[in-house]
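Below are the chains, spelled out letter by letter.
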Amino acid sequence: MTLRRRGTALLLAAAATTVLGTTACAPQPVIPHDRCKTTSADHDPSTGGQMRASGPITAPTKAGTTTFTSGFGPRWGTEHKGVDFAGAIGTPIYAALDGVVVRSGTATGFGHWIVVDSLVGDTPVSTVYGHMFADGLIAREGQQVKAGDHIANIGNDGESTGAHLHFEYWEGGRFQGGTAVDPMTKLGGAATTTDTAADSDNIELAAATSPIDCAGFGTVGGGELAAGSVPPEFDPWIRKAGSICPGIRPPILSSQLYAENQFRHGANAPVSPSGALGPAQFMPGTWATWGKDYDGDGKVDPHSIGDAVMAQGHFMCALNDQVNAALAAGTVTGDPVELSLAAYNAGFGAVQSYRGIPPYAETQNYVAKIVLGQAKYTSLSSTGRLVPNGSKDGGQVVAAARQYLGTPYVWGGGSTGGPSGGGFDCSGLTSYAIFTGSGGKVTLPRTSEQQWTVGIEIPIDQAQPGDLVFGSWAASGPGHVGVALGGGRMIHAPTTGDVVKEAPEMSGMKARRVM
């Protein structure tokens, strides 16, 4: 922070080095569990109030504007978790249920998507709308929408073979481990969207007290935090703080809290040599500005989890606003989140002076550590089309990599959290694919040479989908790595000027099974 240059620098060498055709009438599946339950009236102050139950479901497109083209269930070797409605680009898409828009933006596989959380009776339900172009997103995150409201326009973005709406219906919540249900079993007899509803401009921002107590259900950004990744006493506060602004999400706040004080809290938690206090390590002068009684105990306490985490979220969002303004003005360059973290550590003035991340070892390592660490706190179902099943599955590894077909090659790009700097290099892609395909259980080292040391070597002709294939051999080891598809093919990030693609395996490649 501006306010502090702590004596104990966060110097981690590892972080520093890594800067560089089925029926639509399939039976409805049984839900094995439902982690989402509505709260009682006596809810925790961190979770806000309850959402109102939705009215009847309506069709997501107007009758006669689209054609049903693809059903729910097995398709092309994977599970199609929704249904498709083909229509001309720009055809209006309508909210199927009343609810809160919790995601509206980019998504792997979909290009762009919208996710609306709703209550159907007392059951939490998420509806998903995919493949829109950026300019086809109308509803904003945090908006309260009504069934029939015009929320988007049909596009042809992401992994799409033609202009269409991909529509999903999740009982238990899309980001909360719920179950995808065939939407046609819910849409049968659904009302057709009317012009009156579709043209409604009465879309309001959801109140801050709208979420129910369900792992971030109904909260913008709340469902992005991986279940069980932070101490339970921190969980609801991080989800709430991560919904304050779109630029600062729960995974980055979680990684930052770990970097600051490893989730230690209370009066006996360590205090830095410079006097920074509590789980978010606020200096007294800064706390005087940002500290508030968020937990309602009558005290403004930097040692309190609720007070500290919410103050951290508000301060980071204020810095993010300053960073975005500076980026728009051309006075700084870089990634908005990374610049916001640098400003938290070194002060926004230092970021301005150096027109980017300051050349301080502490600050550079602080930013690198937090950005790289956020993957462990990120729900793997929150990034887009792929919803990992939690097991180590080679098919999921392939699906994870395929989400990024066409993504540019960027040297040093990518990690377990996805692309960085606008793309992937070869080992960045495999790091992401293995981490995601293993349900977050396997984290590879960063380089192809290091990845060759993981798992066991297998004959190249026995490589199965999800194994890794290595080539471009030198004395130091393999200079290239890709994900095996089977049948002598792979998916990889080839080289500068190219994109993530499927291709035949290279001559001289060797294979390794890493999970």
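Rules behind the numbers
Residues numbered from 1 in each chain as written. Predicted model: local features only at pLDDT ≥ 70, side-chain atom pairs only at ≥ 80, totals over all residues. Heavy atoms only, no water. Helix = DSSP H or I, 4+ residues; strand = E, 2+ residues; numbered from the N terminus. Buried < 20%, exposed > 50% of the residue type's maximum accessible area, 1.4 Å probe, protein only. Areas by Shrake-Rupley, 256 points an atom, 1.4 Å probe, with all protein chains shown as cover. Pairing = 2+ DSSP bridges. 1 Å grid on protein atoms, 1.4 Å probe; cavity = no way out; pocket = protein on both sides within 12 Å on 5 of 7 lines; lining within 4 Å. Points joined across faces, edges and corners; volume = space filled by probe spheres on them. Nonpolar A, V, L, I, M, F, W, Y, C, P; charged D, E, K, R; others polar. Axes fitted to C-alpha atoms, helices over the stretch in contact; angles between N-to-C directions. Phe/Tyr/Trp six-rings, centres within 6.5 Å; stacked < 30°, edge-to-face > 60°. Lys NZ or Arg CZ within 6 Å of the ring centre and 35° of its normal. Core = buried A, V, L, I, M, F, W, Y, C linked by side-chain atoms within 4.5 Å. Contact = heavy atoms within 4.5 Å. Parallel < 35°, antiparallel > 145°, perpendicular 65-115°, else oblique. Left-handed = near helix turned anticlockwise from the far one by under 90°.

Enquirer: Looking at this model, I keep getting lost on the overall build of the protein. Mind explaining?
Expert: When helices and strands are tallied, the protein shows 13 helices and 19 strands. Burial status across the protein gives 55% buried among its 515 residues. Just so you have it, the protein exposes about 20,500 Å², and 54% of that area is on carbon and sulfur atoms.

Enquirer: Hey, could you run me through the pairing of strand 11 (residues 164-171) in this one?
Expert: Looking along a regular strand, one sees side chains alternate from face to face of the sheet. Within strand 11, 8 of the 8 residues are buried, which leaves the element mostly enclosed by the surrounding structure. Pairing analysis gives 4 bridges linking strand 4 (residues 83-86) to strand 11, with the strands arranged antiparallel. Bridge pairing in strand 11 links Ala 86 to His 164. Bridge analysis of strand 8 (residues 123-130) against strand 11 gives 6 bridges, and the strand direction is antiparallel. Bridge assignment links Val 125 to a residue of strand 11, and that residue is Glu 171. With 3 bridges connecting them, strand 11 and strand 12 (residues 179-181) associate as antiparallel partners. Across the sheet, Tyr 169 pairs through a bridge with Val 181, a residue of strand 12.

Enquirer: How should empty space enclosed by the protein be read in this particular structure?
Expert: It is the rolling of a water-molecule-sized probe over the atoms that shows where space remains empty. Of the voids in this model, the largest cavity is the one considered here, and its volume is about 70 Å³. As for the largest cavity, its lining consists of Ala 375, Thr 378, Leu 380, Thr 383, Thr 416, Gly 417, Tyr 432, Phe 435 and Thr 436. A per-class count over the lining of the largest cavity returns 4 nonpolar, 5 polar and no charged.

Enquirer: Which parts of the structure should I look at to understand the pairing of strand 17 (residues 489-492)?
Expert: Bridging between strand 16 (residues 477-486) and strand 17 involves 3 bridges; their strand directions are antiparallel. Within strand 17, the residue paired with Val 483 across the bridge is Ile 491. From the end of strand 16 to the start of strand 17, which pair antiparallel, there are 2 residues, and Gly 487 there has a positive phi angle of about 65 degrees. Bridge count between strand 17 and strand 18 (residues 501-504): 4 bridges; the pairing is antiparallel. Note on strand 18: the bridge partner recorded for His 492 is Lys 501.

Enquirer: Looking at this structure, I do not really get the sheet that holds strand 15 (residues 468-474). What am I missing?
Expert: Within a sheet, neighbouring strands are paired by backbone hydrogen bonds and run either parallel or antiparallel to one another. Strand order in the open sheet formed by 6 strands is 14-19-15-16-17-18, with antiparallel pairing between adjacent strands. Here the strands that pair on one side only, and so sit at the sheet edges, are strand 14 (456-458) and strand 18. Direction aside, the axes of adjacent strands within the sheet are offset by 45 degrees on average. Note that strand 15 and strand 19 (residues 510-513) share 3 bridges and pair antiparallel. Its bridge partner being in strand 19, Leu 468 is matched across the sheet by Arg 512.

Enquirer: I keep staring at the packing of aromatic side chains and nothing clicks. Help me out?
Expert: The relative placement of two aromatic rings is captured by the distance of their centres and the angle of their planes. Considering all chains together, one arrives at 18 aromatic pairs under this definition. Measuring from centroid to centroid gives 6.3 Å for Phe 282 and Phe 315, while their planes differ by 40 degrees, and the two rings are tilted. Taken together, the positions of Phe 282 in the loop between helix 5 (250-261) and helix 6 (284-290) and Phe 315 in helix 7 (residues 305-329) put the pair 33 residues apart, joining distant regions of the chain. Taken individually, Phe 282 and Phe 315 each receive the classification buried, so the pair is uniform in this respect. Measuring from centroid to centroid gives 5.5 Å for Phe 315 and Tyr 344, while their planes differ by 45 degrees, and the two rings are tilted. You can see Phe 315 sitting in helix 7 and its partner Tyr 344 sitting in helix 8 (residues 336-346), a full 29 residues away along the chain. Judged by its relative accessible area of 6%, Phe 315 is buried. Among the residues examined, Tyr 344 registers a relative accessible area of 0% and is labelled buried. Linked through ring pairs, Phe 282, Trp 287, Trp 290, Phe 315 and Tyr 344 together constitute an aromatic cluster. Positioned above the aromatic ring of Tyr 258 is the side chain of Lys 376, whose terminal nitrogen or guanidinium carbon lies 5.8 Å from the ring centre. In this structure, Arg 512 packs its charged tip against the face of Trp 452, placed 4.5 Å from the ring centre.

Enquirer: What is the right way to read the nonpolar core from this model?
Expert: Soluble globular proteins: nonpolar side chains tend toward being buried together. One finds Ile 93, Ile 114, Tyr 129, Ile 151 and Phe 167 to be the most contacted residues of the largest nonpolar core, which totals 40 residues. Of the residues forming this core, the biggest block, 5 residues, is contributed by strand 7 (residues 111-120). Contacts of Phe 167, omitting those with residues within four sequence positions, involve Pro 60, Gly 82, Val 83, Phe 85, Ala 96, Thr 127, Val 128, Tyr 129, Pro 183 and Leu 187. Counting residues in hydrophobic clusters, the runner-up holds 39 residues, among them Ile 238, Leu 319, Phe 348 and Val 351.

Enquirer: What is the right way to read the packing of helix 7 against helix 8 from this model?
Expert: Helix packing for two helices is described by the angle between their axes and how far apart those axes are. Between helix 7 and helix 8, whose axes approach to 9 Å, the crossing angle comes to 120 degrees. One element, helix 7, and the other, helix 8, form an angle in the oblique class. In this structure, helix 7 crosses over helix 8, and the sense of that crossing is right-handed. Residues Gln 312, Phe 315, Met 316, Leu 319, Asn 320, Val 323, Asn 324 and Leu 327 of helix 7 form the contact with helix 8, whose participating residues are Pro 336, Val 337, Leu 339, Ser 340, Leu 341, Ala 343 and Tyr 344. In terms of residue class, the contact of helix 7 with helix 8 is made up of 11 nonpolar, 4 polar and no charged.

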